[in-house]
Amino acid sequence: MSQKSKFFQWIDYRVRITLGDGRMLVGTFLAFDKHLNVILSECEEYRIRKQGIHEIETKRTLGMIIVRGDNIISLSAEAPPHQPAKKQDLQPGPGKAQPITRQGQAPITGTPNLGLMQQPRGMGIPGQQTMLPTGMNIPPQV
């Protein structure tokens, strides 16, 4: 798809889409394709029904939807993209970062506990001998 499509300017806008059956969808325009299939997020459906001489508008929350391009009659902007508030530039404070030291403990010296260095029983892969069929020996390693 060409990067020069006019629909790129509507990405992240709040848009109103009128469908062929009279429904209107209002949501955030996320994406489209070459068939004008549209993805809307935070979408709400508005439908006008006639009861006698009165017209009743019903609203339904849909969430994220895909609208088939063949059903779209018109697309218009409702609101520009939401601009998040800019973060203020923070200045460094008077504090100083330093590592935590533990007072009163001697450094650990000597040999490590060998019991913790070995793999616990029942954990990990089985030994090579247990994987061989019974009556066979381990082949010599070269």
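Just so we're clear, the structure is a prediction, and the values are computed from it rather than from any experiment.

### Side note on the pairing of strand β2 (residues 24-32)
Then, number 1: Taking burial as the measure, the 9 residues of β2 include 7 buried ones, the bulk of the element.
Then, number 2: Taken together, the 5 bridges between strand β1 (residues 14-19) and β2 define a ladder with antiparallel strand orientation. The partner of arginine 14 across the bridge, within β2, is threonine 28.
Then, number 3: Inspection of the sheet shows β2 paired to strand β3 (residues 38-51) by 7 bridges, in the antiparallel sense. When the bridges of β3 are listed, valine 26 appears paired with glutamate 44.

### So, the pattern of salt bridges
Then, number 1: Under the counting rule described, the total for this entry stands at 7 salt bridges.
Then, number 2: Of the charged contacts, one joins glutamate 78 and arginine 16 as a salt bridge, the two residues approaching to 2.7 Å between their closest N and O atoms. Of this pair, glutamate 78 sits in strand β5 (residues 72-79) while arginine 16 sits in strand β1, and the two are 62 residues apart along the sequence.
Then, number 3: Overall, the relative accessible area of 40% leaves glutamate 78 in the partly exposed class.
Then, number 4: For arginine 16, a relative accessible area of 23% translates into the label partly exposed.
Then, number 5: Across the pair glutamate 45 and arginine 60 runs a salt bridge, and its minimum N-O distance is 2.9 Å. With a gap of 15 residues between them, glutamate 45 in strand β3 and arginine 60 in strand β4 (residues 54-67) connect regions that are remote in the sequence.
Then, number 6: Relative accessible area serves as the criterion here: at 45%, arginine 60 is assigned to the partly exposed category.
Then, number 7: By sharing partners, the salt bridges in this structure join Asp21, Arg23, Glu45, Arg47 and Arg60 into a single network.

### Some thoughts on the pairing of β3
Then, number 1: As consecutive antiparallel partners, β2 and β3 are separated by 5 residues, and within that stretch leucine 36 has a phi angle of approximately 65°, a positive value.
Then, number 2: Across 12 bridges, the pairing between β3 and β4 is antiparallel. Counterpart to cysteine 43 in the pairing with β4 is glycine 63.

Conventions used here
- Residues numbered from 1 in each chain as written.
- Predicted model: local features only at pLDDT ≥ 70, side-chain atom pairs only at ≥ 80, totals over all residues.
- Heavy atoms only, no water.
- Buried < 20%, exposed > 50% of the residue type's maximum accessible area, 1.4 Å probe, protein only.
- Helix = DSSP H or I, 4+ residues; strand = E, 2+ residues; numbered from the N terminus.
- Pairing = 2+ DSSP bridges.
- Salt bridge = Lys/Arg side-chain N within 4 Å of Asp/Glu carboxyl O.

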